[in-house]
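Each chain is listed here by its residues.
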Amino acid sequence: MKRFLLSVLLGWAIAAHAAMAQDGGPLRIEITEGVIEPMPFAVPDFVPDSPAAGEMAAQIARVIAADLSGTGLFREIPAQAHIGRVSDFSAPVKFADWKAINAQALITGAVSMSGNRVAVRFRVWDVFSGAELGNGLQFAGSADGWRRMAHKVADAVYSRITGEGGYFDSRVVFVSESGPKNDRKKRLAIMDYDGANVQYLTDSASIVLAPRFSPTGDRVLYTSFETGFPRIYVLDVGSVRRRVLETREGTMSFAPRFAPDGQTVVFSLEQGGNTDIYSMDIGSGNMTRLTSAPSIETAPSLSPDGRQIVFESDRSGTPQLYVMPVGGGSATRISFGQGRYGTPVWSPRGDLIAFTKQNKGRFHIGVMRTDGSEERLLTASFLDEGPTWAPNGRVIMFTRESKGAQGRSTLYSVDITGRNLRPVRTPGGASDPSWSPLQD
Amino acid sequence: MKSLRTLVLACSVVAVAGCSNSYLDDTNTVDFGGTGAGAASGLPSDPTSPAYFKASIGDRILFEVDQSTLNDGARAVLAGQADWLTSNPDYTAVIEGHADEQGTREYNLALGARRANAVREYLVSRGVAASRLKTVSYGKERPLEICSAESCYAKNRRAVTVLAGGLTG
Amino acid sequence: MQTGTKISALAHGLLLGWAFLGGVFQSDPLPYEVQDVSVISAEEFALMTGQSRTPEVREAPAEPEPPAAVETPDVTAEPDPPPARSEPEVAPEPVPEPILEIPPEPVPPEPESAALVPETPRRPQRPSERIAPEPVAPPPPEARPDPVEREEVAPEAQNDSTREAQEATAPEEAATEIVTEAEESAELAPTRSPRPAARPARRPPAPEAPAAPSTEDAVAAALAEALGETRETAPTPTRPAAPSGPPLNAGEKEALRVAVSSCWNVGSLSSEALATTVVVAVSLSPDGKPQTETIRLMSSSGGGDGAAKQAFEAARRAIIRCGAKGFDLPVEKYDHWRDIEMTFNPERMRIK
C-alpha cells in the first residue's frame with residue numbers, strides 16, 4: 001500500500017517535472033532502481049622505496065584487498081587483469097588504464113623502510129570521476145606491525161567509500177576447540193579479526209566458555225571450570241594475568257558481559273537452582289541483584305548508552321528476550337515470534353539487537369530493532385549461536401556447529417543484510433567469538 | 001613470563017594426572033569428564049562401594065526436554081541413592097546437571113543447574129544432610145552420547161550423582 | 001619536554017587535525033604530493049601495536065621506548081609458532097598466505113544456509129552475487145563484465161593506433177535478487193517469522209510521508225561546493241530561446257532512466273547513505289556524453305552530509321560509467337536534454 005502510494009506520488013512528481021522541463025528547465029528524471037553488487041576495485045602492489053621493502057609492499061596490498069573483498073561490498077580486480085602499473089606513488093594516475101578494466105575505486109600506496117621502521121602512504125581514487133576520495137594519509141610503525149597498518153589503510157578506504165566506519169583493525173577472542181564432542185578441550189585464544197596472529201590465553205586443562213571483550217579491548221571476561229565449578233574470571237590481555245570475580249560461596253556464576261563503562265559487569269548467578277542477573281562493580285566487588293524471579297534469567301547485554309539491559313528469560317515458559325532498565329525493575333518482552341530466543345547482544349550502533357533463535361529443530365542468527373520489531377533471520381543451520389558485533393555494527397560473527405558425532409564448531413561471519421556468509425579461518429575448531437572494538 | 005609458563009605447565013600436568021587417575025578417593029577430585037562414566041571403585045558386589053552405588057542403585061536420572069521435574073522412575077532411583085548415602089555417611093556427592101545440545105550455552109548452564117538442584121532437594125527431603133551435597137552444571141559441555149538425535153539427547157538430559165570421599169579399601 | 005613527547009604531540013595534533021578538518025579540504029584538487037598526511041611516529045605505532053600486550057607501556061604513552069617491550073606472552077603448553085614479532089632487522093617474512101585465503105565455500109556437511117526473509121514470492125533465480133533491475137544471463141566466458149557491451153577489437157587487426165585494444169565485454173551476469181545458499185534450499189529456511197496476531201501496539205504509527213525534499217538548500221549548496229564541483233568551469237547552461245524539437249517522449253526518457261539505473265550501484269553504501277535521496281545535475285555534450293566537471297549535487301534529503309556525499313559519489317559514478325559511450329538520446333532534441341537533473345532515490349533499494 002505504502003509502495004503503491006509512493007509510486008503514485010512519484011508518477012505525479014515525474015509528470016510535474018516533465019511539465020516543467022517543457023518550460024525550458026533542465027530535464028528531470030528520477031532513478032529508483034539500481035544495482036546491488038560489490039564495487040570493483042584495484043589495489044596494485046604498493047610502491048616500495050627500496051628492494052628490501054618490496055615483499056612487504058606487496059603483502060600490504062594483499063591484506064588490504066582481502067579486507068575489502070571480505071566485506072562482500074567490494075570485488076577485487078586481480079593484478080593479472082591490470083593494464084596500468086603504478087611505479088611511482090607521486091606520478092599522476094592514468095585513469096584510462098583503470099577505467100578500461102572497470103575498476104571503480106583505485107588504491108595506490110607506497111612503502112618505505114628504514115631498519116625496523118615502516119611507513120605506509122596511500123591514496124584512494126574514484127576512477128571514473130578522477131577525484132581523490134579523502135586525502136593522502138600515512139601510517140608509520142615497526143615492521144612487525146605491518147598487518148595492522150594494512151588493516152588501518154583498509155579501514156580508511158572502507159569508510160571513505162561506504163561512509164561508515166571500518167572493522168579491520170580489530171581482534172577476536174574466542175574458544176579454541178579440539179577433541180571429540182564428549183571430551184572437548186577448550187582454551188581461550190585471541191587473533192586478528194581475519195584469523196591471523198593467533199595466540200592462546202589459557203591452557204586446555206579446564207572448560208572455558210564465552211569470553212567477552214571489555215569496551216576498550218584490554219580485558220576479557222570469561223567463564224571457567226577451573227575450580228570444578230563455573231566461575232567468572234577477568235583476564236588482562238596484555239599480561240595474560242587473570243583473577244576470579246568473587247561472587248558468593250556455593251554459587252555458579254556465568255554469562256558475564258562488561259557495561260560500556262568497563263567498570264561494571266553484568267552476569268548470571270545461580271543459587272539453589274535458580275538463575276538471576278546481577279551486576280558487580282569490578283573494583284569494589286559490590287554486587288546488585290537485578291532480577292528476582294523463579295525462572296531462568298541469563299545472557300544479559302547492555303545498550304551502548306549503558307541505560308538498558310537486554311536478556312534472556314523463560315518466565316513465559318520458553319526462553320524469550322526482555323529489556324529492562326540497567327538498575328533492574330520491570331522488564332518488557334520484545335521477542336514474539338515462534339520458537340526460542342537466546343543470547344541477545346545489543347549492537348554498538350544501538351539500533352539493533354542480534355540474537356540466537358531456535359525453531360523447528362534449527363538455529364538462526366537474527367536481528368531485530370530494540371523494541372522487537374522488524375525481526376530478520378540472517379542464517380539457518382543445525383546449530384548457530386552466540387552472535388557478536390563488528391565494531392561498526394555492520395557484520396556479525398557467530399558459532400556454527402555441525403551435526404552428529406563428528407560435529408565441529410567453526411566461526412562464521414555474516415553481513416546484517418544476510419549476505420556474505422563466510423567462515424572465519426581458525427586453527428582447529430572454534431566457538432564463542434567476541435569482537436573487540438577498533439584498536440587505537 | 002618464564003615462571004608463569006612453568007606454573008601453567010605444572011598445572012596442566014597436575015590436571016592431566018588428576019584426570020587419568022581414576023580413583024574418586026580424593027575429595028578434591030571432581031569427576032571432571034562429567035560424562036557420568038565416573039569410575040567407581042570397589043566391587044559391585046560390595047553394597048558399600050561406589051561401584052555398587054553406580055551399578056545397582058543407579059547414579060543418574062533423565063529428564064524431559066527443557067524440564068527439571070522428577071518423574072516416578074527418577075524418584076525411585078533417588079530414593080535408593082538417599083538410602084545408600086544415609087547408610088554410608090563417609091561419602092559426599094557432587095550432583096552434575098547436564099543438558100542436550102539443543103539450546104544456547106548460557107541457557108543450558110542454567111537448565112543443568114535446575115536439574116542438579118532438583119535432585120539435591122529430593123535427596124535432602126529424604127534425609128541426606130544438605131552439607132554433603134554440592135551441585136554443578138555442565139550445560140551442554142559434556143554430552144554422554146554424541147549423536148545428534150533424540151536417542152542421544154534423551155541420555156544427555158541427565159543429572160549424575162558423583163560420589164566423593166569415603167573409604168575405598 | 002622530551003623530544004619524544006613533542007613528536008608525539010605533533011603527530012597527535014596532525015592526526016586530530018586530519019580527522020576533524022580533513023573533509024574541509026576535500027575540494028582541493030590535490031596534486032600528488034603528500035600533504036594533510038598524519039605522521040604517526042614509529043614509537044606511537046609501536047605502542048599502539050604493543051598496547052594490548054603490554055599494558056604497562058601504556059601507562060606512559062609518551063616515552064619513546066623501543067618496541068622491544070612488545071613481547072609475546074606465551075602461556076601455551078605446546079609452543080605455537082610465534083607471530084614473527086621480535087626480529088628487528090629482517091622485514092617480517094611474508095606471513096604464509098593461507099591466512100588470507102578464506103575458503104570460498106566450505107563443503108557444508110549438511111544443507112546450511114543464510115536466510116533473508118523475503119517479502120515477496122520469489123522467482124527462481126540463478127545464484128548471482130549481483131543484483132540488477134533486469135536479470136542478465138551469464139556472459140560468454142571470455143568476456144569481462146562491463147555494463148557497456150563492446151566488440152572485441154583484436155590488436156593485430158587494427159592499424160589505427162588511437163584505438164586501444166579491447167577485450168570483448170558483456171553485461172555482468174545478474175539476478176534481480178541475491179540468491180544465497182539458503183534460498184536455493186528454500187525449504188530449509190523459514191520464509192518469514194510469524195508474528196503474534198495480538199501484538200501490543202507500542203509505537204505510534206510512523207508518518208508515511210515520503211521523504212520531504214530537503215529544505216536545506218544552503219547545506220546542499222555548501223556540500224556541492226565542498227565536493228569540489230567546479231561550477232565556474234561548467235559551461236553555464238544557456239537556456240535555449242526555443243527548444244529546437246519536440247520534448248523527449250516517454251520511451252526516450254525511460255531509456256535514459258534504465259541506462260543510468262544499470263550503473264547505479266548502491267551495494268557499497270552505508271545504511272544511512274541508502275536512506276539518502278540526492279538530486280544531481282549534469283550537462284551532456286551533443287554526443288550524449290556527460291561532462292564530468294558539470295556533475296554536481298543540487299540537494300539531498302534523508303541523511304547527513306557524510307551520507308549525502310557517499311550517495312552523490314555513487315550517483316556520479318553511475319552517470320559517468322554508463323554515459324561513457326554517450327547516452328542514446330535523439331540529437332535533434334539536444335536542447336531538451338543538454339541539462340539534466342537526476343534524482344537518485346534509493347527507497348526501493350533498501351534492506352527490507
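Preceding this paragraph is the structure being described.
Residues numbered from 1 in each chain as written. Chains lettered and ligands numbered in written order. Predicted model: local features only at pLDDT ≥ 70, side-chain atom pairs only at ≥ 80, totals over all residues.

K.L.:
Quick question: what am I supposed to make of the overall build of chain B here?
P.N.:
Scanning chain B from N- to C-terminus turns up five helices and four strands. Reading chain B from its N terminus to its C terminus gives the helix and strand order α-α-β-α-β-α-β-α-β. Sorting the 169 residues of chain B into buried and exposed places 44% on the buried side. (Helix = DSSP H or I, 4+ residues; strand = E, 2+ residues; numbered from the N terminus. Buried ≥ 20, exposed ≤ 12 C-beta atoms within 10 Å, placed from the backbone.)

K.L.:
Is there a simple way to think about helix α2 (residues 54-70) of chain A in this case?
P.N.:
Residue and element names in this part refer to chain A. When the terminal C-alpha atoms of α2 are compared, their 24 Å separation across 17 residues agrees well with the 24 Å that a helix rising 1.5 Å per residue should span. Buried residues dominate α2, accounting for twelve of its 17 residues. All of the buried residues in α2 are Met56, Ala57, Gln59, Ile60, Ala61, Val63, Ile64, Ala65, Ala66, Asp67, Leu68 and Gly70. One or two steps after α2, the chain reaches glycine 72, where phi turns positive at roughly 80°. (Expected span 1.5 Å × (residues − 1).)

K.L.:
Can you help me understand the packing of α2 of chain A against helix α4 (residues 146-162) of chain A in this one?
P.N.:
Two numbers describe a pair of packed helices, the interaxial angle and the distance between the axes. Residue and element names in this part refer to chain A. Contact pair α2 / α4: the axes reach a minimum separation of 9 Å and the direction vectors enclose 45°. The pairing of α2 with α4 is recorded here as oblique in orientation. Regarding α2 and α4, the two cross each other, and that crossing is right-handed. Contacts from Met56, Gln59, Ile60, Val63, Ile64, Asp67 and Leu68 of α2 reach α4 at Trp146, Arg147, Met149, Ala150, His151, Val153, Ala154, Val157 and Tyr158. Here the contact of α2 with α4 is composed, by residue class, of twelve nonpolar, two polar and two charged. (Axes fitted to C-alpha atoms, helices over the stretch in contact; angles between N-to-C directions. Parallel < 35°, antiparallel > 145°, perpendicular 65-115°, else oblique. Left-handed = near helix turned anticlockwise from the far one by under 90°. Contact = placed C-beta atoms within 7 Å. Nonpolar A, V, L, I, M, F, W, Y, C, P; charged D, E, K, R; others polar.)

K.L.:
Any chance you could explain unusual backbone geometry here in plain terms?
P.N.:
Leaving glycine out, the prevailing phi sign among residues is negative, and the prevailing peptide bond configuration is trans. Residue and element names in this part refer to chain A. One non-glycine residue, alanine 210, lies in positive phi territory at about 40°. Mapped onto the secondary structure, alanine 210 falls in strand β12 (residues 208-213). With 27 C-beta atoms counted inside 10 Å, the residue alanine 210 sits in the buried group. Look at threonine 343: it is not a glycine, yet its phi comes out positive at around 35°. Relative to the assigned elements, threonine 343 resides in strand β24 (residues 340-346).

K.L.:
Got a minute to help me understand the pairing of strand β1 (residues 27-31) of chain A in this structure?
P.N.:
Two faces, one strand: in a regular strand the side chains alternate between the faces of the sheet. Of all five residues that make up β1 of chain A, four are buried, and the element is covered over most of its length. Alignment of β1 of chain A against strand β5 (residues 339-344) of chain C, held across five bridges, turns out to be parallel. For glutamate 30 of chain A, the partnering residue across the bridge sits in β5 of chain C and is threonine 343 of chain C. (Pairing = 2+ DSSP bridges.)

K.L.:
Can you help me understand the nonpolar core in this one?
P.N.:
Within soluble globular proteins, side chains that are nonpolar generally end up buried alongside one another. Formed by 202 residues in total, the largest nonpolar core has its most connected members in Phe41, Ile60 and Ile64 of chain A together with Val280 and Ala315 of chain C. Each of domain 1 (17-162) and domain 2 (171-435) of chain A contributes no fewer than three residues to this core. (Core = buried A, V, L, I, M, F, W, Y, C linked by C-beta atoms within 7 Å. Domains from an automatic or database assignment.)

K.L.:
I tried to follow the environment of methionine 149 of chain A on my own but got confused; where do I start?
P.N.:
All names here are of chain A. Take methionine 149: it is sitting in helix α4. Taking the C-beta count within 10 Å as the criterion, methionine 149 has 29 such neighbours and is therefore assigned buried. Placed 31 residues apart in sequence, methionine 149 and valine 118 show a C-alpha to C-alpha distance of 9.3 Å. When sequence neighbours within four positions are dropped, the list of residues in contact with methionine 149 reads Ile60, Val118, Val120, Phe139 and Gly141.

K.L.:
Any chance you could explain helix α6 (residues 250-261) of chain C here in plain terms?
P.N.:
An α-helical turn contains 3.6 residues, so a residue and the one three or four places further along point in the same direction. Look at α6 of chain C: 16 Å from first C-alpha to last across twelve residues, which is about the 16 Å you get at 1.5 Å a residue. Where α6 of chain C is concerned, the buried positions are Lys253, Leu256, Ala259, Val260 and Ser261 of chain C. The secondary structure elements touched by the buried residues of α6 of chain C are β1 of chain A together with α7 (305-322) and β5 of chain C.

K.L.:
Please explain the environment of glycine 103 of chain B as it appears in this structure.
P.N.:
All names here are of chain B. For glycine 103, the position within the fold is in the loop between β2 (91-98) and α4 (105-125). C-beta crowding within 10 Å serves as the criterion here: with 25 such atoms nearby, glycine 103 is assigned to the buried category. When the C-alpha atoms of glycine 103 and glycine 127 are compared, they prove to be 34 Å apart, with 24 residues separating the residues in sequence. In contact with glycine 103, other than residues within four places in its own chain, are Asn108, Leu111 and Lys140.

K.L.:
What is the right way to read the sheet that holds strand β21 (residues 308-313) of chain A from this model?
P.N.:
Strand pairing in a sheet relies on backbone hydrogen bonds, with the paired strands running either antiparallel or parallel. What the four strands build is an open sheet, ordered β20-β21-β22-β23 (chain A); its pairing is antiparallel. Where the open sheet ends on each side, the last strands, each with one partner, are β20 (297-302) and β23 (332-333) of chain A. Pairing of β21 of chain A with strand β22 (residues 320-325) of chain A, which is carried by six bridges, proceeds in the antiparallel orientation. In the strand pairing of β22 of chain A, valine 310 of chain A is matched with valine 323 of chain A. Of the strands in this sheet, β20 and β21 of chain A touch α4 of chain B, which is tilted by about 145° from β20 of chain A.

Without other data, these values stay purely geometric and don't point to any function.
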